[in-house]
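Each chain, written out:
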Amino acid sequence: MPDSTRKKIVLLGATGSIGSNTLRVLREHPDRLTLAGVSARSNYRALAEICTEFKVPHAVLTDPQAYQKAQAEKVFDGNTQLACGAEALSGLAGLPEADTVLIAVVGACGLQPTLAAIEAGKDIALANKEALVLGGAFVIERARAKGVRILPTDSEHNAIFQCLEGHSPAQVERIILTASGGPFRETPLTDFAKVRPADAVRHPNWSMGHKISVDSSTMANKGLELIEAHWLFGLPPEQLQVVIHPQSIAHSFVQFIDGSILAQMSPPSMTFPIQHCLLYPERAPSVEPTLNFQEAFQLEFSPPDPQRFPCLELAYQALRNGGGAPAVFNAANEIAVERFLKDELPYLAIPKLIDAALEQLATTAVPNIDALLALDSEARVLGREFKL
Ligand code: NAD
Ligand code: MG
């Protein structure tokens, strides 16, 4: 198949969980998709293997030590041009020949490359939720100004995007995000003090990176997704709801003013929304088996218990406060999870740290990205110093 007929994809965060699901989609559709660039933080061997398998012309390692090792060990073959650092990552996001840039790095480091891809006029498939939570106002404003399309890759937002197609915003009553409830949906509250990192990363339905798995267990992930939905779909917090749906098959709902509700359903695997974004607006057979209605299965729904999931209410609070509050929520949560995973803080300290950061930092007006990044750093310092 000539290259001109294939979409050229840049995949930032190729070695992660979203990254590897993306590679599965690429393997299934070599006639439609090709990889023009990939990045990873430090896993240079895995990145080199991807470059060899997919004949990728451009690669970036953001960690300088990993870059030096890769050069010294000559793990990349001559077909791949390797660069290093955060600036190179933004450069890759704006790669002239790319059609779609999939942002699948984890954390706030997703913001700058997302902005760079927007400035370069690329279609963006956005898995990284922190870019919108941190800098939603700037990302959406720049995307609008440049006429750039943001295709949501996060499964809930991808579902909402699909349900909204062909409808005007005035027809929408509310958006209802589904949440699995994570591994502690039914754990007695008295056992929460004993939760260890290994328990929190064990998600019942999804296989994901550690940070997002912990976020799913606290529902901070759903909190980040509420903020993400606010920016992507332009709805205020009152029109955003969350429902627990343990099977993770209905990926979210849109309720219209006439009472009709649309859902998007597929098995709980990220290959479905990733493929939707990469091939959009076309469709093709899925990588994995689809839902089978010839076998009996059940779908359950229930409202989240605020006592069990305090991070969700903190996210609503951050969204209502506006300004820099979502950025503080995000940074405080990142540090809390990092410290929990290192066994520095107990599980129950996660919402307490976020609450303290939202209380202590003035978050009203954030005039520009620099002010936002300064606030993000401040929240991280506060998070690192936080003691119970
Ligand atoms: P992961 O930890 O498995 O992978 C992260 C990737 O980003 C890796 O390739 C890593 O090398 C790279 N990376 C990490 N830190 C970096 C840094 N500082 N600079 C540059 N690159 C860095 O994470 P994941 O689970 O694939 O999640 C990626 C993003 O997608 C997150 O924002 C997450 O919230 C979002 N997301 C993930 C899922 C999922 O199923 N895993 C679902 C929806 C949304
Ligand atoms: Mg999600």
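Before reading further, recall that the structure is shown in the block above.
Residues numbered from 1 in each chain as written. Chains lettered and ligands numbered in written order. Predicted model: local features only at pLDDT ≥ 70, side-chain atom pairs only at ≥ 80, totals over all residues. Heavy atoms only, no water.

Trainee: Got a minute to help me understand unusual backbone geometry in this structure?
Mentor: Leaving glycine out, the prevailing phi sign among residues is negative, and the prevailing peptide bond configuration is trans. Between tyrosine 280 and proline 281 the backbone carries a cis peptide bond, its omega angle lying at 5°. Its place among the elements puts proline 281 in the loop between helix 11 (271-279) and helix 12 (310-321). Here the phi dihedral of methionine 219 falls at roughly 70°; this positive angle occurs in a residue that is not glycine. Here methionine 219 lies in the loop between helix 9 (210-218) and helix 10 (220-233). Overall, methionine 219 belongs to the buried group, its relative accessible area being 2%. One non-glycine residue, serine 248, lies in positive phi territory at about 50°. (Helix = DSSP H or I, 4+ residues; strand = E, 2+ residues; numbered from the N terminus. Buried < 20%, exposed > 50% of the residue type's maximum accessible area, 1.4 Å probe, protein only.)

Trainee: Please explain the nonpolar core as it appears in this structure.
Mentor: A general feature of soluble globular proteins is that nonpolar side chains tend to end up buried together. If you look at the biggest cluster of nonpolar residues, it comprises 128 residues, and the most contacted ones within it are Leu12, Leu35, Val38, Phe76, Leu102 and Phe329. The dominant element in this core, judged by the number of residues it contributes, is helix 13 (residues 325-341), at nine residues. Two domains each provide a minimum of three residues to this core, namely domain 1 (3-152) and domain 2 (158-268 + 295-385). If we ignore the near neighbours within four places in the chain, the residues touching leucine 102 are Val10, Leu11, Leu12, Ile18, Thr22, Ala125, Ala127, Ile274 and Leu278. (Core = buried A, V, L, I, M, F, W, Y, C linked by side-chain atoms within 4.5 Å. Domains from an automatic or database assignment. Contact = heavy atoms within 4.5 Å.)

Trainee: I keep staring at the sheet that holds strand 3 (residues 58-61) and nothing clicks. Help me out?
Mentor: To summarise the sheet geometry, strands pair through backbone hydrogen bonds and adopt either a parallel or an antiparallel arrangement. Spatial ordering of the open sheet is given by 4-3-2-1-5-6-7, a layout of seven strands whose pairing is parallel. Each end of this open sheet is capped by a strand with a single partner; those strands are strand 4 (81-84) and strand 7 (150-152). Put simply, the sheet's adjacent strands are angled 20° from each other on average, direction ignored. Where strand 1 (residues 7-12) lies against strand 2 (residues 33-40), six bridges are found, and the strand directions are parallel. Pairing of lysine 7 across the sheet is with leucine 33, part of strand 2. Contacts from helix 2 (residues 44-54) reach strand 2 and strand 3, with the element oriented near 165° to strand 2. Across the sheet, helix 11 touches strand 1, strand 2, strand 5 (100-103), strand 6 (123-126) and strand 7, and the angle it forms with strand 1 is around 135°. (Pairing = 2+ DSSP bridges. Axes fitted to C-alpha atoms, helices over the stretch in contact; angles between N-to-C directions.)

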